[in-house]
Amino acid sequence: MFGDLMGMMGKLKDTQEKVKATKARLDTVMVDEASSDGLLRVTLTANRHIKNISIDANLLEDKEQLEDYLVLTLNKAIEKATAINETELAAVAKEGMPNIPGMDSLFK
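What you are looking at is a predicted structure, and each value in this text was computed from that prediction instead of being measured.

A.B. asks: I would appreciate a short explanation of the nonpolar core in the present structure.
C.D. replies: For soluble globular proteins, nonpolar side chains are generally found buried alongside one another. Val31, Val42, Leu44, Leu74, Ala77 and Ala81 together form the largest nonpolar core, which totals 6 residues. Elements with a minimum of two residues in this core: β2 (40-45) and α2 (63-96). Per-element tally for this core: the top contributor is α2, with 3 residues. In terms of nonpolar packing, the next biggest core, distinct from the first, is built from 5 residues, Leu39, Leu40, Leu66 and Tyr69 among them.

A.B. asks: Honestly, the pattern of salt bridges in this entry has me stumped. Any pointers?
C.D. replies: Once the charged atoms of two side chains with opposite charge are near each other, the side chains can pair. Within the structure shown, the criterion is met by 4 salt bridges. Linking Lys76 and Glu33 is a salt bridge whose minimum nitrogen-to-oxygen distance equals 3.5 Å. With a gap of 43 residues between them, Lys76 in helix α2 and Glu33 in strand β1 (residues 30-34) connect regions that are remote in the sequence. For Glu33, a relative accessible area of 11% translates into the label buried.

Conventions used here
Residues numbered from 1 in each chain as written. Predicted model: local features only at pLDDT ≥ 70, side-chain atom pairs only at ≥ 80, totals over all residues. Heavy atoms only, no water. Core = buried A, V, L, I, M, F, W, Y, C linked by side-chain atoms within 4.5 Å. Buried < 20%, exposed > 50% of the residue type's maximum accessible area, 1.4 Å probe, protein only. Helix = DSSP H or I, 4+ residues; strand = E, 2+ residues; numbered from the N terminus. Salt bridge = Lys/Arg side-chain N within 4 Å of Asp/Glu carboxyl O.

Geometric values such as these leave the question of function open.
Put into structure tokens, the structure is as follows:
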């Protein structure tokens, strides 16, 4: 019994290290998003840290339009980054879980 417990604890520690490594790797995965007309472009990491915002000069003339573009484009980029982040971390977590009957359905 204790051997199984020690094995599971070791596996949990390995999984924690893999999650930490995956989070570090996700800082290098870039997500690019642009407005439909290409006047605004944003780049952020899969950990949802903004790396770059590029604004066409035409948008600088209308503050409200620029604000709308920023909200829409950033939200789309954040959604993409979140999907990548959750998928990657769920895969690592599932890989490290002990084989408990019925638990695999939680990760589908």
